[in-house]
Amino acid sequence: MCGIIGYCGPRPAAALLAEGLKRLEHKGYDSAGLATADGGTLTVVKRKGKIAGLLEILPPDLGGSYGIAHTRWATHGEVSDINAHPHVNCAGDIAVVHNGIIENFTALKEKLQSEGHVFRSETDTEVIPHLISSFYEGDLEGAVKKTLPLLTGTYGLVCVHAREPDRLVGARNGSPMLLGVGDDEMFIASDLTAIVTHTKQVVYLEDGEVVVATPRGYHTTDMRNRVVDKKVEFVGWELEAIEKEGFSHFMEKEIFEQPQSILRAMQGRIDHENSTARLGGLNMTNRELLDVERVKIIAAGTSYHAGLLASYLMEMVARVPCSAELASELRYRNPIVERDALYFAVSQSGETVDTLYAMRELQRKGARVLGICNAVGSTIPRESDGGVYIHSGPEIAIASTKAFTSQMTVFYLFTLLVARMRNMSIEGGKEFIENLGRLPDLVQTVFGQKEHIRRLAKKYCRYKDFLFLGRGLNYPVALEGALKLKEVSYVHAEGYSAAELKHGPIALINDETPCVFLVPDDALRGKVVSNMKEVKARSGRVIAVCVEGDQEVMDVADDVIPIPKVGELMYPFMMVVPLQLFAYHTALELGRDVDQPRNLTKSVTVE
Ligand code: F6R
């Protein structure tokens, strides 16, 4: 979504803001801008397109020790220089950057216009600086606090006034904001990545809170001006986590990081003595876990695919009924909350509005909702009733890769925990743990196929439509493979259960529709091979991800990507990595912007 950074302190603001914008780039945006104040005058520079374009027009001598900056992902008004943030009031002395949507902006705008305010942009945001100026009597904080109650919708915002030096005023309602506390300098940002190179001391704002920051300190209040004491938290990230470290793209780096990120998701969470998992963050006693009669998972996109996979796994292994649902759908169908159900909200960013609002709706109805998230301190983990961090480290590429396998890993651990309380023996638990423990090395071996997959991507990149087909545990992986290809290469791809092929999609088969089949040597292998043969019989092209040495599959398929033989439950990990690499290399072949694919954003904080 849109990104925000504000700075006040002894260093030149423009350079810091420009650097912050670059760090926010990965979130996806279509225009960017910044404003700094110097000697009582605000200078606003903004431009549609890439940040590099903005930096080209940035005056080299742009002064000022405080300012704000923004990457915009258009919601109201086309992508244009004018609609880019910051927005200012008529006098041009108040500047605002805003994430979220002001739903009642039309009424506010009409009223302000009738009072003589002149608007320049088509955005909802522009009402904010005008409103602030209408209340301004020499105190920006006071004027902001009079403005906020008039806004309906969501916001994370920061504003500055030309004649209130070194003062940032930020506020949050439904869109993440945090304060970075440095040495004699302060940052307000929507995203840790924007500031973590400067400070690791962070204060997370809650909805309804306002923060005023100056280089000497900060104070936080609620809208009614009551002081809110906030804890300064320490962010454990290393700088390398947000650098490419020799890889061409963050997506490539994050794919190759998976042996380590899977390991991190497991670390400290395996109880070898009792052959089970240790997940203290769930905040549940064994007795409470035993009382769980069903598990329900809500999420969006890739996180939903991890949840869907978990639903198969839980039922297969722990014999607990489990289902996954798109959070956006659950929220609006007045869900029935069952007393004995345990809910999981899965989200890499921890900020996805569809998932967050669905979680709140479930909680309102009395459900216990646990979070499985990556971004530490984000809203879902803070509002959930417990949960597990996946500890992937920052995922910078827009297309999610390492978070997916880490979410899976956490669900495997949860399944182990629940299964060991029910039908799984100590021996069964031991074997499950051994299989999990081998995963990082096994995933590493798949990287040996990198060049081969690159060649396949080159061979197949001219095709316009792909089908991804898998069954059982590998059906959600097929969905994920199709999503990855669509997202980063813009090639149309659909995921299906291979069994569904004959119920419709087979009509698409000809020599222009390559089918990527996932063929583990599990109980359904024979059926998937038959589906492959059905495709071949109709002149279709088949790429099969299969176990090395599977001669029958090699004989049928046009191309194969061999993976090592592993325990049946572990195939999803082995299957998804080649699909991620295939999507990555196809995107490269087609000259796509791999880390920032068009129209996409890293955390979707609007509905
Ligand atoms: C896919 C992707 C999106 C996200 C989805 C949910 O590569 O990045 O589909 O998975 O927007 O995001 P989170 O997991 O942050 O809730």
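Here the structure is a predicted model, which is why all the values come from computation and not from measurement. (Residues numbered from 1 in each chain as written. Predicted model: local features only at pLDDT ≥ 70, side-chain atom pairs only at ≥ 80, totals over all residues. Heavy atoms only, no water.)

Counting its regular elements, the protein contains 19 helices and 26 strands. The C-alpha atoms of the protein give 25 Å as radius of gyration, which agrees with the globular expectation for 607 residues (25 Å, within 12%). Relative to its full complement of 607 residues, the protein shows a buried share of 62%. Put simply, of all contacts in the protein between residues at least 6 apart along the chain, 70% involve residues at least 24 apart. On the protein, roughly 22,600 Å² of surface is accessible, and the fraction owed to carbon and sulfur atoms is 48%. Positive and negative charge centroids in the protein, built from 66 and 79 side chains respectively, lie 2 Å apart. (Helix = DSSP H or I, 4+ residues; strand = E, 2+ residues; numbered from the N terminus. Rg over C-alpha atoms; globule rule 2.2 N^0.38 Å. Buried < 20%, exposed > 50% of the residue type's maximum accessible area, 1.4 Å probe, protein only. Contact = heavy atoms within 4.5 Å. Areas by Shrake-Rupley, 256 points an atom, 1.4 Å probe, with all protein chains shown as cover. Lys, Arg positive; Asp, Glu negative; His and termini not counted. Charge placed at Lys NZ, Arg CZ, Asp CG, Glu CD.)

Around the ligand lies a shell of 14 residues, among which S303, S347, Q348, S349 and T352 are the nearest. Measuring from an oxygen atom of the ligand, one finds a side-chain N or O atom of S303 at 2.6 Å. Here an oxygen atom of the ligand and a backbone polar atom of Q348 are 2.7 Å apart. Coverage of the ligand by the protein chains reaches 91% of its 410 Å² of free accessible surface. Of all the secondary structure elements, the ones that give two or more residues to the shell around the ligand are α9 (301-318) and α16 (474-489). Among the residues forming the shell around the ligand, the class breakdown is 4 nonpolar, 8 polar and 2 charged. Taken domain by domain, the shell around the ligand gets at least three of its residues from each of domain 2 (245-424) and domain 3 (445-607). (Near = heavy atom within 4 Å. Polar contact = N/O pair within 3.5 Å; in protein donor to acceptor, adjacent residues only side chain to side chain. Nonpolar A, V, L, I, M, F, W, Y, C, P; charged D, E, K, R; others polar. Domains from an automatic or database assignment.)

Another point: the environment of V353. Along the chain, the position of V353 falls in helix α11 (residues 353-364). V353 sits in the buried class, given a relative accessible area of 2%. Residues V353 and E607, 254 residues apart in the sequence, show an inter-C-alpha distance of 6.3 Å. The contacts of V353, once residues within four sequence positions are left out, are V604, T605, V606 and E607.

Turning to the sheet that holds strand β14 (residues 233-234), a few remarks are in order. Here we have 8 strands laid out as an open sheet, ordered β3-β2-β4-β1-β10-β9-β11-β14, and antiparallel in their pairing. On the outer flanks of this sheet lie β3 (41-48) and β14, each paired with one strand and no other. Each of β1 (3-8), β2 (31-38), β4 (66-72) and β10 (186-189) touches helix α1 (residues 13-24); the most contacted strand, β1, lies at about 155° to it. (Pairing = 2+ DSSP bridges. Axes fitted to C-alpha atoms, helices over the stretch in contact; angles between N-to-C directions.)

Once that is clear, we can look at helix α3 (residues 105-114). Along α3, the residues classified as buried are F105, L108, K109 and L112. On an axial view of α3, the arc spanned by its buried residues comes to 100°, and they lie on one face. Turned more than 90 degrees from where α3 packs its buried face, A107, E110, K111 and S114 sit exposed. Lining the buried residues of α3 we find α4 (127-135). Note on α3: the residue one or two positions beyond its end, G116, has a positive phi of about 105°. (Arc of directions from axis to C-beta.)

A word on the packing of helix α7 (residues 258-266) against helix α13 (residues 402-421). Taken N-terminus to C-terminus, the directions of α7 and α13 make an angle of 30°; their axes are 9 Å apart at the nearest point. What the angle tells us is that α7 and α13 run roughly parallel. At the point where α7 passes α13, the crossing takes the right-handed sense. Facing Q258, S261, I262, A265 and M266 of α7, the residues of α13 in contact are K402, T405, S406, T409, V410 and L413. Taken together, the residues that form the contact of α7 with α13 break down as 5 nonpolar, 5 polar and 1 charged. (Parallel < 35°, antiparallel > 145°, perpendicular 65-115°, else oblique. Left-handed = near helix turned anticlockwise from the far one by under 90°.)

Okay, the domain arrangement of the protein next. Often the size quoted for an interface is simply the accessible area lost on bringing the parts together. When the domains of the protein are assigned, the result is domain 1 (3-241), domain 2 (245-424) and domain 3 (445-607). Distance from the C-alpha centre of domain 1 to the C-alpha centre of domain 3: 43 Å. With 10 residues of domain 1 at the contact, the number on the domain 3 side is 10 residues. Between domain 1 and domain 3 lies a buried interface of about 840 Å² when both sides are counted; carbon and sulfur atoms form 52% of it. Three residues stand out in domain 1 for area buried against domain 3, namely H26, K27 and W73, and they jointly supply 52% of the buried area on that side. Seen at the junction of domain 1 and domain 3, the total is 1 salt bridge. Note that D593 is salt-bridged to K50, the shortest N-O span being 3.1 Å. For the pair domain 1 and domain 3, the number of links is 3 residue pairs in polar contact (both at pLDDT 80 or more). Here the residues of the side of domain 1 that touches domain 3 are counted per class, giving 4 nonpolar, 3 polar and 3 charged. (Buried area = accessible area lost by both parts, 1.4 Å probe. Salt bridge = Lys/Arg side-chain N within 4 Å of Asp/Glu carboxyl O.)

An order of β18-β17-β19-β20-β21 is seen for the 5 strands of this open sheet, with the pairing classed as parallel. Either end of the sheet is taken by a strand with one partner, and the two such strands are β18 (322-326) and β21 (387-389). Sheet twist, expressed as the mean angle between neighbouring strand axes with direction ignored, is 20°. Of the pairings in the sheet, the one linking strand β20 (residues 369-373) to β21 comprises 3 bridges and is parallel in character.

Okay, the packing of aromatic side chains next. Evaluated as defined, the whole model comprises 10 aromatic pairs. Consider the rings of Y7 and F187, whose centres lie 5.2 Å apart with planes at 55°: the pair is tilted. Here F187 lies in strand β10 and Y7 lies in strand β1, a separation of 180 residues in the sequence. Overall, Y7 belongs to the buried group, its relative accessible area being 0%. Given a relative accessible area of 1%, F187 falls into the buried group. An aromatic cluster is defined as three or more aromatic residues linked by ring pairs; in this entry it consists of F247, F256 and F447. Positioned over the ring face of Y463 is R462, at 4.2 Å from the centre of the ring. A cation over an aromatic ring shows up here: R598 above the ring of Y490, its NZ or CZ 4.0 Å from the ring centre. (Phe/Tyr/Trp six-rings, centres within 6.5 Å; stacked < 30°, edge-to-face > 60°. Lys NZ or Arg CZ within 6 Å of the ring centre and 35° of its normal.)

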